[in-house]
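Here's the letter readout for the chains.
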Amino acid sequence: METAEERLLKRIAAGESSAMERLHATYADRLFRYALLRTRDRQLAEDVVQETMLAAWRSASAYRGDSSVSTWLFGICRHKVADALRRCPQAETRPLPEAAVGDASAIEFWGTFDRLTPDDRELLLLAFHYGFSQQEVAQVLDVPVGTVKSRTFHARRRLQALMEGGD
Amino acid sequence: MEPACQEALELVPWVVNGTASSEERRLVHRHIAGCGACRREFVQSVVLQRRLSRAMESLPAVEGRRGVRRADRVASLVEALGVPGIVARTVRLAAELPRARPAFAVNIPLVATIRVGS
């Protein structure tokens, strides 16, 4: 059965700008925060979101429903992040911009989270914050489900050790 | 680590985020009912999810810095792109793009490149 978001993509494919606006309203902030954590740069992250939306607009008619719309969009966004990081390879290792990290509790959390590898951070974000299923994370990352489960388990344990003061 | 613990703990993130199947949920709940160490890790995972989500929500929104209304920005995006396939309209709009600044300024070369190339 077709979901509301799949119907939305069909309207986008037909060139309906209000549908595009709806997609943007639903996903822009989620994609931006993901891109910000990956690129560590506000301007790069904003560009990634626009490039993702542009790609969605152009390729909506090619969407076949093999994955959920959110998985499809995050997959596009991840490719756009990779493009941005190829243009600016040092970005991924920078600390988060100071103006972006939030209150004292968030600053403390990001200080610990940033000690993980980018791959670990991405897995934990997709699973624990964005709420993707094992299969969806596997689709976004293009790896087997078993790999997702195993890597997420280890990433979560590494973060836990860091939060408890380990190295 | 016992294989049963490994199996349960690998499923914990998906039980915590609500996407595990009912069979997977039952497996995890049955296991942590009898295994204190895994129960602790389950609780840690719940706490981690809350802390991560709180920290994520403290990050800025996509247009916080520029102060451009989202609807205006999307309208610029859609208007500049035109209906897929109608290149003439896009070319006309591209010629008018300077009025779309500053919200869309970054993407002018991008749009131009894509349309010329397509």
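Keep in mind it's a predicted model, so treat the numbers as computed, not measured.

Regarding the packing of helix H8 (residues 145-163) of chain A against helix H1 (residues 3-16) of chain B
It is at 9 Å that the axes of H8(A) and H1(B) come closest, and there the two elements cross at 85°. Here H8(A) is positioned roughly perpendicular relative to H1(B), judged by the angle of their axes. Where H8(A) abuts H1(B), its residues A:Lys149, A:Ser150, A:Thr152, A:Phe153 and A:Arg156 lie against B:Leu9, B:Glu10 and B:Pro13.

Brief notes about helix H7 (residues 134-141) of chain A
Taken residue by residue, H7(A) has A:Gln134, A:Glu136, A:Val137, A:Gln139 and A:Val140 as its buried positions. Where H7(A) is buried, its residues touch helix H4 (69-87), helix H6 (118-129) and H8 of chain A together with H1 of chain B. Looking at the residues trailing H7(A), positive phi occurs at A:Asp142, about 60°.

Points about the confidence of the model for chain B
Residues and elements named next belong to chain B. Model confidence for chain B is summarised by a mean pLDDT of 71, while 53% of its residues fall at 70 or above. Note on residues 64-68: pLDDT is under 50 here. Beyond four places in sequence and across chains, it has six contacts. Across residues 83-118 the pLDDT falls below 50, and counting only partners more than four positions away or on other chains, this stretch makes 32 contacts in the model. Predicted complex metrics record ipTM = 0.86 and pTM = 0.79.

What about the environment of B:Gln49?
Structurally, the position occupied by B:Gln49 is in helix H3 (residues 36-57). Once the C-alpha coordinates of B:Gln49 and B:Arg25 are considered, the two residues, 24 residues apart in sequence, prove to be 17 Å apart. If near-sequence neighbours (up to four positions away) are discounted, B:Gln49 is found in contact with A:Phe128, B:Val16 and B:Asn17.

A look at the nonpolar core
Counting 54 residues, the largest nonpolar core has A:Leu31, A:Ala35, A:Val49, A:Leu73 and A:Cys77 as its most contacted members. The leading source of residues in this core is helix H2 (residues 17-39) of chain A, at eleven residues. The contact partners of A:Cys77, leaving out residues within four places of it in the chain, are A:Leu31, A:Tyr34, A:Ala35, A:Val48 and A:Thr52. Core analysis: the second largest hydrophobic core is formed by eleven residues, B:Leu11, B:Val12, B:Trp14 and B:Val28 among them.

Focus on the domain arrangement of chain A
All names here are of chain A. Each assigned domain of chain A is listed here: domain 1 (1-97) and domain 2 (101-167). Between domain 1 and domain 2, the C-alpha centre-to-centre distance is 20 Å. Across the contact, 13 residues belong to domain 1 and twelve residues belong to domain 2. Counting residues per element, the ones that place at least two in the side of domain 1 that touches domain 2 are H2 and H4.

Considering the environment of A:Thr112
Residues and elements named next belong to chain A. Mapped onto the elements of the fold, Thr 112 is located in helix H5 (residues 104-113). Residue Thr 112 is classed as partly exposed on the basis of its 15 C-beta neighbours within 10 Å. Linking Thr 112 and Met 163, residues 51 residues apart in sequence, is a C-alpha distance of 6.5 Å. Those residues in contact with Thr 112, other than ones at most four positions away along the chain, are Leu 162 and Met 163.

Brief notes about the interface of chain A and chain B
Contacts between the two partners involve 42 residues from chain A, matched on the other side by 35 residues from chain B. Of all the secondary structure elements, the ones that give two or more residues to the side of chain A that touches chain B are H2, helix H3 (42-59), H5, H6 and H8 of chain A. Looking at the side of chain A that touches chain B residue by residue, the classes come out as 18 nonpolar, 13 polar and eleven charged.

Conventions we followed
Residue indices follow the written sequence of each chain, beginning from 1 at its first position. For this description, chains carry letters from A and ligands carry numbers from 1, given in the order in which they are written. Two thresholds apply to this predicted model, a pLDDT of at least 70 for residue-level local features and 80 or more for giving and counting side-chain atom pairs, whereas whole-chain, interface and lining totals are computed over all residues. Throughout, an axis means a line fitted to C-alpha atoms (over the contacting stretch in the case of helices), and angles, computed between N-to-C directions, take values from 0 to 180 degrees. What counts as a helix is a DSSP run of H or I of at least four residues, what counts as a strand is a run of E of at least two, and both are numbered from the N terminus. If an angle is under 35 degrees, it is roughly parallel; if it is over 145, roughly antiparallel; if it lies from 65 to 115, roughly perpendicular; otherwise it is oblique. Note on contacts: each residue gets a C-beta atom placed from the backbone, and two residues are in contact if those atoms are within 7 Å. Here exposure depends only on C-beta density: within 10 Å of a residue's C-beta, 20 or more other C-beta atoms make it buried, 12 or fewer make it exposed, and intermediate numbers make it partly exposed, the C-beta atoms being placed from the backbone. pLDDT gives the predictor's per-residue confidence on a scale running from 0 to 100. Under the definition applied here, buried Ala, Val, Leu, Ile, Met, Phe, Trp, Tyr and Cys residues are grouped into a nonpolar core through C-beta atoms within 7 Å. Throughout the structure description, domain borders are defined by an automatic or database domain assignment. Under the convention adopted here, Pro, Cys and the residues Ala, Val, Leu, Ile, Met, Phe, Trp and Tyr are nonpolar, Asp, Glu, Lys and Arg are charged, and Gly plus all remaining residues are polar.

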